[in-house]
Amino acid sequence: MKTTDFARLLSSFLLDELSMERITGFLNWLEAGCGNGRSTHNQRLTLPDTSTRKGRRDQMLLTLLYDSGARVQELADLCVGSIRLDAPAQVKLFGKGRKSRSVLLMDKTASLLKQYLSEHGLDSPAHYEHPLFFNSQGKKLTRQGIAYILKNKHQDEESGAG
């Protein structure tokens, strides 16, 4: 298996397009092509319930986490002004020591971000400093809040409630 084949397949996986069939197919492909046995599949993706506003937030959070390779704290610190949707779409992340880096985003992620910003009324310059991800009180999600979301997704998987 070529690395480019793997990268192409992986880049086509956005959370809003995944189904259990695609996930199972991908895991089977990994097992056959890479020699990864079922024992190495210690987690399965749990899809957020996108019929709810909170589920769409979680979907956006997980998609951006995947696409950007951001650390959880970098994601927690994002504000609307850190996002550029014009081509080439990118996100400006601030890491340890407040060092910044810009990460290009896939077109599909940018499209999902545009919908997310519009749904939450954050698509105007007046909201430049507003946190990108926030709780029900409108306050920025903390690193612990994001970890809680990820932990609950994992617990949902294990209990079969995913």
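Please refer to the structure placed before this passage.
Notes on the structure in this doc start here. Residue numbering note: each chain is counted from 1, following its sequence as written. It should be noted that, the model being predicted, local features are given only for residues of pLDDT at least 70 and side-chain atom pairs only at 80 or more, the latter also being counted only at that level, while totals for whole chains, interfaces and linings use all residues. No hydrogens and no water enter the side-chain calculation; it runs on all heavy atoms of the structure.

A separate point is the sheet that holds strand 1 (residues 83–84). For two strands to count as paired, DSSP must find a minimum of two bridges between them. By the criteria applied, helices consist of DSSP H or I runs no shorter than four residues and strands consist of E runs no shorter than two, each listed in order from the N terminus. The strand order across the open sheet formed by three strands is 1-2-3, and the pairing between neighbours is antiparallel. With one partner strand each, in any of the chains shown, strand 1 and strand 3 (100–104) form the two edges of the open sheet.

Before going further, it helps to examine the nonpolar core. Soluble globular proteins tend to pack their nonpolar side chains together in the buried interior. If you look at the biggest cluster of nonpolar residues, it comprises 28 residues, and the most contacted ones within it are L61, L64, L75, L132 and F133. Breaking this core down by element, the ones donating at least two residues are helix 3 (53–68), helix 4 (72–76), strand 2 (90–94), helix 5 (107–119) and helix 6 (143–159). If sequence neighbours within four positions are ignored, L61 has contacts with L75, F133, L141, I146 and I149. Throughout, nonpolar core names a set of buried Ala, Val, Leu, Ile, Met, Phe, Trp, Tyr and Cys residues whose side chains join them through atoms within 4.5 Å. Remark: exposure states derive from per-residue accessible area (1.4 Å probe, protein chains only) relative to the maximum for the residue type, with buried under 20%, exposed over 50%, and partly exposed in between. We call two residues contacting when some pair of their heavy atoms lies within 4.5 Å.

For R57, the position within the fold is in helix 3. In this structure R57 touches Y116, F133, F134, N135, L141 and I149, once residues within four positions along its chain are discounted.

Let us look at the packing of helix 3 against helix 5. The angle between two axes is taken between their N-to-C directions and runs from 0 to 180 degrees, where each axis is a line fitted to C-alpha atoms and a helix contributes only its stretch in contact. For the pair helix 3 and helix 5, interaxial distance at closest approach is 10 Å and the crossing angle is 145°. Of the two possible hands of crossing, helix 3 and helix 5 adopt the one that is left-handed. Judged by residue contacts, R53, R56, R57, Q59, M60, T63, L64 and D67 of helix 3 engage T109, L112, L113, Y116 and E119 from helix 5. Think of it as three bins: nonpolar holds Ala, Val, Leu, Ile, Met, Phe, Trp, Tyr, Cys and Pro, charged holds Asp, Glu, Lys and Arg, and polar takes everything else, Gly as well. Partitioning the contact of helix 3 with helix 5 into residue classes produces five nonpolar, three polar and five charged. Two helices cross in a left-handed way if the nearer one is turned anticlockwise from the farther one by less than a right angle. They cross in a right-handed way if the turn is clockwise.

So, about the pattern of salt bridges. Throughout this description, the term salt bridge denotes a Lys or Arg side-chain nitrogen within 4 Å of a carboxyl oxygen of Asp or Glu. Taken as a whole and assessed by the stated rule, the structure comprises five salt bridges. Among the salt bridges present, the one from D58 reaches R57, with a minimum N-O distance of 2.9 Å. According to the relative accessible area criterion, D58 is buried, its value standing at 6%. With a closest N to O distance of 2.7 Å, E74 and R101 form a salt bridge. In this pair, E74 is assigned in helix 4 and R101 in strand 3, connecting sequence segments 27 residues apart. A residue is classified by how much of its surface remains accessible, and R101, at 32% relative accessible area, is partly exposed. Each of R71, E74 and R101 takes part in salt bridges that share partners, so that together they form one network.

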